[in-house]
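# Reading the structure
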Amino acid sequence: MPAPESRVAFVSGARLPGWVARFAASHGTVGVEELDGGLQLSAPDGAVALLQPPWPPDGRPGRGSDAVERLASLAAQSRMLGLVLVRRGGYSVAAVRDGAAVAAKSGTRHIQSRTAAGGSSQQRFARRRANQADALVEAVAEHAERIFAEQRIEYLVPGGDRTLAEQVLGAPVLKRYAALTRLPFLDVPDPRAAVLKQAAADACSVRILVTDPA
């Protein structure tokens, strides 16, 4: 028997009730269970969907007559996010509200690929890669500080390469934001305009992990 397959979808608060209705239409009447991490929908055919809010209520809970409506209401609230996307091939930093960037900076920086050479050559390449990575982290952190300083950032959203993103957010120039809540990591390719646009929308959407029946 094949193992169940899982996939991730991002759905805005406004579209969430319709998504849930279509899920039920495809899989049968669903049970709804409120968990610490969100809502779990369980269908009679074995399909399961875990719906996770884009941010915590933090004293501003969603409103509605049922759990889905309340989650949709929470996701539809307006929050200001600090988005940091960074990979070896480029970066994007942005202040995001309502699913769109209100201020952003993107660019490219080259980090040399690993080499198969040995001995002193390998050491030189390793030092060069480390220096290039340090320069990238420093540059991205400075851009982020400039953009974030103009907004009232409530949460941070890292994405791209986990190690580089953590180094950027841990940079001294961003120390004032260290205590902010980190929202779920976004797995994105090299940041470009289209990638940034999609990431901004996803960061403000309900993250849905769907597990199909085996």
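Described below are features of the structure shown in this document. Source: prediction; values computed, not measured.

## So, the pairing of strand β4 (residues 48-52)
The two faces of β4 differ: Ala-49 and Leu-51 on one face are buried, but Val-48, Leu-50 and Gln-52 on the other face are not. Both strand β3 (residues 38-42) and β4 contribute to a ladder of 4 bridges, which runs antiparallel. Bridge pairing links Leu-39 to Leu-51 in β4. Alignment of β4 against strand β10 (residues 206-211), held across 5 bridges, turns out to be antiparallel. Its bridge partner being in β10, Leu-51 is matched across the sheet by Ile-208.

## Comments concerning the sheet that holds strand β7 (residues 100-107)
Across a sheet, paired strands are connected by hydrogen bonds in the backbone, their directions being either parallel or antiparallel. Judged by pairing direction, the sheet is mixed, and its 5 strands sit side by side in the order β7-β6-β5-β8-β9 without closing on themselves. For this open sheet the edge positions go to β7 and β9 (181-182), each flanked by a neighbour on one side alone. Bridge analysis of strand β5 (residues 80-87) against strand β6 (residues 90-97) gives 8 bridges, and the strand direction is antiparallel. Paired with Val-84 across the bridge in β6 is Val-93. Helix α4 (residues 162-169) rests against β5, β8 (155-160) and β9 of the sheet, and its axis sits at about 130° to β5.

## A short note on the sheet that holds strand β1 (residues 6-11)
Spatially, the 5 strands line up as an open sheet ordered β1-β10-β4-β3-β2, and their pairing is antiparallel. Looking at strand neighbours, the two that pair on one side only are β1 and β2 (31-35), the edges of this open sheet. The average angle at which neighbouring strand axes cross in this sheet is 20°, direction not considered. Two strands pair when backbone bridges link them, and β2 and β3 are joined in this way by 5 bridges, in the antiparallel orientation. Bridge pairing in β3 links Glu-34 to Leu-39.

## Digging into unusual backbone geometry
Unlike most non-glycine residues, Asp-58 shows phi in positive territory, near 45°. By secondary structure assignment, the location of Asp-58 is in the loop between β4 and α2 (67-75). Backbone geometry places Asp-98, a non-glycine residue, at a positive phi of 55°. The residue Asp-98 is located in the loop between β6 and β7 in this model. Looking at Asp-98, the relative accessible area reads 55%, which means it is exposed.

## A word on the environment of Gly-28
Within the secondary structure layout, Gly-28 lies in the loop between α1 (16-27) and β2. Residue classification places Gly-28 among the partly exposed positions, given a relative accessible area of 23%. When the C-alpha positions of Gly-28 and Gly-46 are compared, they lie 9.8 Å apart, and in sequence the two are 18 residues distant.

## Description of the packing of α1 against α2
Their axes nearest at 9 Å, the elements α1 and α2 cross at an angle of 140°. Of the possible angle classes, the one that applies to α1 and α2 is oblique. Contacts from Leu-16, Pro-17 and Val-20 of α1 reach α2 at Val-68, Leu-71 and Ala-72. A per-class count over the contact of α1 with α2 returns 6 nonpolar, no polar and no charged.

## Points about the packing of aromatic side chains
If you walk through the whole model with that rule in mind, you get 2 aromatic pairs. Ring plane angle 15° and centroid distance 5.3 Å describe the contact between Trp-19 and Phe-23, whose orientation is recorded as stacked. Placement of the pair is Trp-19 and Phe-23 together in helix α1, with a separation of 4 residues, close to one helical turn. When the ring of Phe-148 is compared with that of Tyr-177, the centres are 5.6 Å apart and the planes differ by 80°; the resulting orientation is edge-to-face. Of this pair, Phe-148 sits in helix α3 (residues 119-149) while Tyr-177 sits in the loop between α4 and β9; the two residues are 29 residues apart in sequence, bridging distant segments of the chain. Comparing Phe-148 with Tyr-177, the two get one shared label, buried.

## Digging into α2
Every buried residue of α2 is listed here: Ala-67, Val-68, Leu-71, Ala-72, Leu-74 and Ala-75. Taken down its axis, α2 places every buried residue within 160° of arc, on the same side. Looking at the packing, one finds that the buried side of α2 touches α1, β2, β3, β4 and β10. Near the N-terminus of α2, the side chain that reaches the backbone nitrogen of Val-68, with its oxygen 3.1 Å away, is that of Asp-66.

Rules behind the numbers
Residues numbered from 1 in each chain as written. Predicted model: local features only at pLDDT ≥ 70, side-chain atom pairs only at ≥ 80, totals over all residues. Heavy atoms only, no water. Buried < 20%, exposed > 50% of the residue type's maximum accessible area, 1.4 Å probe, protein only. Helix = DSSP H or I, 4+ residues; strand = E, 2+ residues; numbered from the N terminus. Pairing = 2+ DSSP bridges. Contact = heavy atoms within 4.5 Å. Axes fitted to C-alpha atoms, helices over the stretch in contact; angles between N-to-C directions. Parallel < 35°, antiparallel > 145°, perpendicular 65-115°, else oblique. Nonpolar A, V, L, I, M, F, W, Y, C, P; charged D, E, K, R; others polar. Phe/Tyr/Trp six-rings, centres within 6.5 Å; stacked < 30°, edge-to-face > 60°. Arc of directions from axis to C-beta. Polar contact = N/O pair within 3.5 Å; in protein donor to acceptor, adjacent residues only side chain to side chain.

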